[in-house]
2 protein chains.
Amino acid sequence: MGVTLKELAASLNLSPTTVSRALNGYPEVNAKTRKRVRDAAERANYHPNTRARSLATGRTHAIGHVIALSDSHEIVNPVFADFIAGAGEAYSRAGYEMVLSMVPDSDEAQAYRDMIARGAVDGMIVHGPKLNDPRIALLTQLGVPFVVHGRSSGVDAPYSWLDINNNRSFRRATEFLLQLGHRRIALVNGLENMDFAMRRRNGYLQALHEAGLTPDPALMRQAEMTEVFGHSAATELMRLPDPPTAFLSSSMLVAYGLRRALVDQGCRMGRDVSVITHDDDLSYLPNGRDVPLFTATRSSVRDAGRKAAEMVLSLISAPGQGPLTCLMETTLIVGESTGPAPGSRPRDTARQ
Amino acid sequence: MGVTLKELAASLNLSPTTVSRALNGYPEVNAKTRKRVRDAAERANYHPNTRARSLATGRTHAIGHVIALSDSHEIVNPVFADFIAGAGEAYSRAGYEMVLSMVPDSDEAQAYRDMIARGAVDGMIVHGPKLNDPRIALLTQLGVPFVVHGRSSGVDAPYSWLDINNNRSFRRATEFLLQLGHRRIALVNGLENMDFAMRRRNGYLQALHEAGLTPDPALMRQAEMTEVFGHSAATELMRLPDPPTAFLSSSMLVAYGLRRALVDQGCRMGRDVSVITHDDDLSYLPNGRDVPLFTATRSSVRDAGRKAAEMVLSLISAPGQGPLTCLMETTLIVGESTGPAPGSRPRDTARQ
DNA sequence: TGCAAAATCCAAAGCGTTTTGGAAAATGAT
DNA sequence: ATCATTTTCCAAAACGCTTTGGATTTTGCA
């Protein structure tokens, strides 16, 4: 508890009104007194009490994030930290706070309700949307500005979202592999009740169809995206009678696991078997130093966090503007993990 | 903005006072009316406005976490997400909020100051303490309850902390390797201006000394703990004229990199070269499925988060009790990455 | 100089709670 | 039936800020 406005005003022989206005940049205060006030505030390390301010203004200057911790598979999504970091930057630049609520996913809906009913936040970010995600309807009904990180297939009503082009991203990656001559391409995906995983799968399927290939269900796996999953998936897939010559992975960690399994089998990545992974550009999972370890579809989730935060702030400052959307394209970067399919000449020089 | 207390009171023909007391469990209210009030509150989904409540009580029911994002090496510590998850659980159980502030590390001190001056939090958690960390003095001076996740060598004044026994942990791991006959043991550490890294190094050195070995500076590396660092460190170390036969790693990700480099060199882990890593038991970095991939010193950082949160809550609810401390031991789990040093019979059967 | 307009300041109300200090009603003892 | 207690409730103040509606002073212009 620092200095209070009243005290500061008293020490300056001014009314609280004037001091408040001076600090908040209202025009009806003399330039000289404004400076006097500002200096005094600085010296006293005065910061208006957030609670009192928001009680008076009705705005909290806080954005809420609810993270559901599923009791069953207790995984904290690793992209979470970087996304939050990006969002946090934007918030602190704008003078906003971030309030986090981590709840068992059975209480998730109530967590959103509570935050809003208690007047704790001006807006929210929705993480990890699933297909037909009910949170979107809930929040629109509650009338709170919010932005979804991702989209939710099946939800028709308009809402604000920011997403990467998962479909095109995985379509391109698949095409790239096809051009290298690969015909049996495995998809090692995240859980496909997650919207992003579903879209990636669709992109992969579309590319196969356009190439006139029928997808083989045996080559498609989904699970929580860990290194261990990548390892077991690749191990099993390589033991098939007709194993894949290429892999598409949904995360760097999974790709690590793929690589380990491939090495175990005595394959060399980029020569015997190709791998493309999605790379969220996580700060602690750099994809190689100079030349990337993995050929990857890359998009910084930290940037996404920053942008999503800016979007929700914009929704708050200009409420009338209707849903905002932002679709970010990924870049396909070529690393050492891809090469022509063994025993087949590439159809065509791979475009970019 | 949900129902207000006044409205609820009006709808019940009661005064706000009575309704407040009924809901907060004060004795001076009839059991029947209390029930009536509680039911009505439930029906209306009434939640007291956090801001108003904390303005009135002087307590915010919020704990602050400041995360510094260094502009130079923009790494978000991967343990952060799991720690936060653990803490978040404890907070939401206790009806507390978590407010997060992510700032460039040049503004870090000011971020702590601000949070407190603005009356935004009742207590704080300090992340990633360095040697002689100035934040500890700052917060004690400001008089806010706080708990440090880790310790800060060089800070003498007492403070509350929760830490794992990094020293003993790495001492034991080193001893384990020595018992397996290893004599040249490399340490692939985190940045040693971090307190935890320094302690691990000391534990390692102590074990060597006790075994009558002089540490070789060429075998000790430190950097940001990424897979890529692990890879480059191991690659360089294995090219030494007299390469190590064992590695100690400070994180699972680094260990992944070590393993990749070793494989590149044609070594088999656990036979040609041994590896022990610290394992924070991160949810998305499981150490194998049945039998651990890596022999490891394990301690759940999520548990640590939970406990640290409980400690700060306890400091708040009982202010007089002086500094709380908690030293957690790690468990040394044996996986597939360790074995007897090549060309030397183990001194002794490894205890444990 | 005089007067309207602009500039500068302030008192007081209000935001949604909790809490203090009673008041009114019910109860118990005599 | 009377008085002292205890129950049960309420009016009003307070938390620290913003904001409305004036009041006072200064400025601009004729």
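These numbers were taken from a predicted model, which means no experiment stands behind them.

Conventions used here
- Residues numbered from 1 in each chain as written.
- Chains lettered and ligands numbered in written order.
- Predicted model: local features only at pLDDT ≥ 70, side-chain atom pairs only at ≥ 80, totals over all residues.
- Heavy atoms only, no water.
- Near = heavy atom within 4 Å.
- Polar contact = N/O pair within 3.5 Å; in protein donor to acceptor, adjacent residues only side chain to side chain.
- Helix = DSSP H or I, 4+ residues; strand = E, 2+ residues; numbered from the N terminus.
- Nonpolar A, V, L, I, M, F, W, Y, C, P; charged D, E, K, R; others polar.
- Contact = heavy atoms within 4.5 Å.
- Buried area = accessible area lost by both parts, 1.4 Å probe.
- Salt bridge = Lys/Arg side-chain N within 4 Å of Asp/Glu carboxyl O.
- Pairing = 2+ DSSP bridges.

**Topic: the protein's contact with DNA strand C**
- Near DNA strand C, the surroundings consist of 28 residues, among which A:Arg21, B:Leu5, B:Ser20, B:Arg21 and B:Tyr26 are the closest.
- Sugar plus phosphate: this is where 61% of the atoms of DNA strand C within 4 Å of the protein reside.
- Contact between DNA strand C and A:Arg21: a base nitrogen at 2.6 Å from a side-chain N or O atom of the residue.
- One nitrogen or oxygen atom from the side chain of B:Tyr26 is found 2.6 Å from a phosphate oxygen belonging to DNA strand C.
- Elements supplying a minimum of two residues to the surface near DNA strand C: helix H2 (16-24) and helix H4 (50-57) of chain A together with helix H2 (16-24) and helix H4 (50-57) of chain B.
- Across the surface near DNA strand C, the residue classes tally to 11 nonpolar, 13 polar and 4 charged.

**Some details on the interface of chain B and chain A**
- The partner chain A presents 58 residues to the 58 residues of chain B that form the contact.
- With both chains or domains summed, chain B and chain A bury close to 5200 Å², and 59% of this area falls on carbon and sulfur atoms.
- If you sort the residues of chain B by the area they bury against chain A, B:Arg51, B:Arg118 and B:Tyr284 come out on top, with a joint share of 16%.
- The interface formed by chain B and chain A contains 4 salt bridges.
- Here A:Glu227 makes a salt bridge to B:Arg259, at a shortest N to O gap of 2.9 Å.
- The tally of links between chain B and chain A comes to 14 residue pairs in polar contact (both at pLDDT 80 or more).
- When residues of the side of chain B that touches chain A are traced back to their parent elements, those giving at least two are H4, strand S1 (62-69), helix H5 (79-94), strand S2 (97-104), helix H6 (108-117), helix H10 (227-238) and helix H11 (252-264) of chain B.
- For the side of chain B that touches chain A, the element with the most residues is H5(B), which contributes 8 residues.
- Of the residues that constitute the side of chain B that touches chain A, the class distribution is 30 nonpolar, 15 polar and 13 charged.
- Direction of pairing for strand S2 (residues 97-104) of chain A relative to S2(B): antiparallel, over a ladder of 3 bridges. Its bridge partner being in S2(B), A:Met98 is matched across the sheet by B:Leu100.

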